[in-house]
Amino acid sequence: MDNDVYGHVNNVVYYSWFDTAVNATLIEHGVLDPERSEVIGLVVHTQCHYFAPLAFPQTVQAGVRVAHLGRSSVRYEVGIFADGAERTAAHGHFVHVYVDRTTRRPVTALPAALHTLLESWR
Ligand SMILES: CC(C)(COP(=O)(O)OP(=O)(O)OC[C@H]1O[C@@H](n2cnc3c(N)ncnc32)[C@H](O)[C@@H]1OP(=O)(O)O)[C@@H](O)C(=O)NCCC(=O)NCCSC(=O)c1cc(O)c2ccccc2c1O
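Rules of the game
- Residues numbered from 1 in each chain as written.
- Predicted model: local features only at pLDDT ≥ 70, side-chain atom pairs only at ≥ 80, totals over all residues.
- Heavy atoms only, no water.
- Helix = DSSP H or I, 4+ residues; strand = E, 2+ residues; numbered from the N terminus.
- Contact = heavy atoms within 4.5 Å.
- Areas by Shrake-Rupley, 256 points an atom, 1.4 Å probe, with all protein chains shown as cover.
- Lys, Arg positive; Asp, Glu negative; His and termini not counted.
- Charge placed at Lys NZ, Arg CZ, Asp CG, Glu CD.
- UniProt positions renumbered as here; feature names shortened; annotations may be inferred.
- Pairing = 2+ DSSP bridges.
- Axes fitted to C-alpha atoms, helices over the stretch in contact; angles between N-to-C directions.

**Considerations on the overall build of the protein chain**
Per the secondary structure count, the protein chain includes 2 helices and 4 strands. Listing the helices and strands of the protein chain from first to last along the sequence gives α-β-β-β-β-α. When the backbone C-alpha atoms are referred to their principal axes, the protein chain occupies close to 45 × 25 × 25 Å. Once local pairs closer than 6 in sequence are excluded, the contacts in the protein chain between residues at least 24 apart make up 64%. When the accessible area of the protein chain is evaluated, it comes to approximately 7,400 Å², of which 52% is carbon and sulfur surface. Side chains of the protein chain carry 9 positive and 12 negative charges; the gap between the two charge centres is 10 Å.

What follows is the structure, encoded as structure tokens:
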């Protein structure tokens, strides 16, 4: 993403990184297919703290952990690091509520494969 009028990556972009870091990893592990999975994650809450600016063409790395695994909800905490940095440039969290793709109502339990993977991210 290019820099904004202030010469740094705009704050809203970080939320896109959060979304990509989590969903890409779920897809890579075969527990989410956004176009076909019977159960999909909808975002109900997001928050981000910003500590240091980032600017194109810097590259970043994201670290993800699961802070809460509920019946249908999962809280992910995400750290954004300038490539090679030891401290986060930003960190935040978001909550997915897993819902039935058709009814869009929360599931009574997460699918087993998804639950097992998310448990390993704690
Ligand atoms: C998601 C909802 C249908 C939930 O309905 P409701 O709020 O009525 O559910 P419950 O009260 O039964 O609670 C279920 C469960 O959620 C927890 N919870 C609810 N709200 C919060 C909250 N604000 N913070 C934290 N936790 C919350 C609650 O504690 C329960 O937890 P359990 O674990 O005990 O089950 C309804 O809220 C809804 O429809 N909201 C709108 C959702 C929405 O439109 N989000 C924005 C667009 S979706 C999105 O951004 C998105 C995300 C992706 O990851 C994508 C990935 C790939 C492609 C597209 C994506 C995408 O569009």
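Now that the structure has been shown, we can carry on.
**Side note on the UniProt feature "domain: Thioesterase" (unreviewed entry) in the protein chain**
The UniProt record annotates "domain: Thioesterase" (unreviewed entry) at residues 6-84. What you have in residues 6-84 is 23% helix and 41% strand, and the ends, taken at the C-alpha atoms, are 24 Å apart.

**Side note on the sheet that holds strand 4 (residues 90-100)**
An order of 1-4-3-2 is seen for the 4 strands of this open sheet, with the pairing classed as antiparallel. Only two strands of the sheet have a single partner each, and these edge strands are strand 1 (39-50) and strand 2 (60-69). With strand direction ignored, the average angle separating the axes of adjacent strands in the sheet is 25°. Across 11 bridges, strand 1 lies against strand 4 in antiparallel orientation. Bridge pairing in strand 4 places Val 43 opposite His 96. Against the sheet, helix 2 (residues 112-119) touches strand 2, strand 3 (73-82) and strand 4, its axis set at about 110° to strand 2.

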